[in-house]
Amino acid sequence: MGGKYSIPIDADANLKKNGISAYTGSISSVSTGGIFRAIFVEGHILLPQLVPETVTGVDLNSDGRVSSFTFAGGMKLMVDEIDMENLSLKCTMPDTDAHNSTDFIVTNCIFEPSPHFGSVIKTSSTFEPKGDADLADDVLQSRIKKIHEIFKVVSGYLGENPDVCA
């Protein structure tokens, strides 16, 4: 049953085959630039403090931006591309799965202003299974849900501390 799978960040999402990307939005009451900066520019300071049970380490590249996140259990999320002007990025999570079923996950995020207030974070993830492995929907949903929860925690913190990453 090999092949690419795409899944939106949504607790009720189902796996989709054939590499079809599905987008959903995480809504934040914080400005688009603020939440983007908090995670991908100041993430090395904020994330280990705000979500230490989830994010255990953050590495920086030569220009001081986040280049990778290390999650509890040793999983690593590599920031492949970051566009500070358009507030978008592409990340890869290699060796993602203790069940030995996933080679990697590629995630694209776009941070956009909400038509009402704050921002919308649109995310699309594509999963590459190992060989003919079946992907366990609950395992993948658990991993994606953790990323979604990070957005919520950071948004809440910035809402309570409006001078941070303003």
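Residues numbered from 1 in each chain as written. Predicted model: local features only at pLDDT ≥ 70, side-chain atom pairs only at ≥ 80, totals over all residues. Heavy atoms only, no water.

## Observations regarding the pairing of strand β7 (residues 88-94)
1) Next: When you tally the buried positions in β7, you get five out of seven residues, the bulk of the element.
2) Next: In terms of strand pairing, strand β6 (residues 76-83) meets β7 through five bridges, oriented antiparallel. Within the sheet, the bridge partner assigned to Ile82 lies in β7 and is Leu89.
3) Next: What sits between the antiparallel neighbours β6 and β7 is a turn of four residues, in which Leu87 has the positive phi angle 50 degrees. (Buried < 20%, exposed > 50% of the residue type's maximum accessible area, 1.4 Å probe, protein only. Helix = DSSP H or I, 4+ residues; strand = E, 2+ residues; numbered from the N terminus. Pairing = 2+ DSSP bridges.)

## Quick word on the nonpolar core
1) Next: By size, the foremost hydrophobic cluster in this structure holds 31 residues, and its most contacted members are Phe69 and Phe111.
2) Next: Among the elements that line this core, the one with the most residues is helix α1 (residues 32-40), at five residues.
3) Next: Excluding its chain neighbours within four sequence positions, the residues that come into contact with Phe111 are Thr32, Ile35, Phe36, Phe40, Asn86, Leu87, Leu89, Val120, Ile121 and Phe151. (Core = buried A, V, L, I, M, F, W, Y, C linked by side-chain atoms within 4.5 Å. Contact = heavy atoms within 4.5 Å.)

## Some remarks on the packing of α1 against helix α2 (residues 43-50)
A pair of packed helices can be characterised by two numbers: the angle between their axes and the separation between those axes.
1) Next: Interhelical geometry of α1 versus α2 gives an angle of 85 degrees and a closest axis separation of 6 Å. On the basis of the axis angle, α1 is roughly perpendicular to α2. Along its contact with α1, which presents Arg37, Ala38, Ile39 and Phe40, the element α2 presents Gly43, Leu46 and Leu47.
2) Next: Here the residues of the contact of α1 with α2 sort into five nonpolar, one polar and one charged. (Axes fitted to C-alpha atoms, helices over the stretch in contact; angles between N-to-C directions. Parallel < 35°, antiparallel > 145°, perpendicular 65-115°, else oblique. Nonpolar A, V, L, I, M, F, W, Y, C, P; charged D, E, K, R; others polar.)

## Looking at unusual backbone geometry
1) Next: For Leu87, which is not glycine, the phi torsion reads 50 degrees and is therefore positive.
2) Next: On the secondary structure map, Leu87 appears in the loop between β6 and β7.
3) Next: The class of Leu87 is buried, set by a relative accessible area of 16%.

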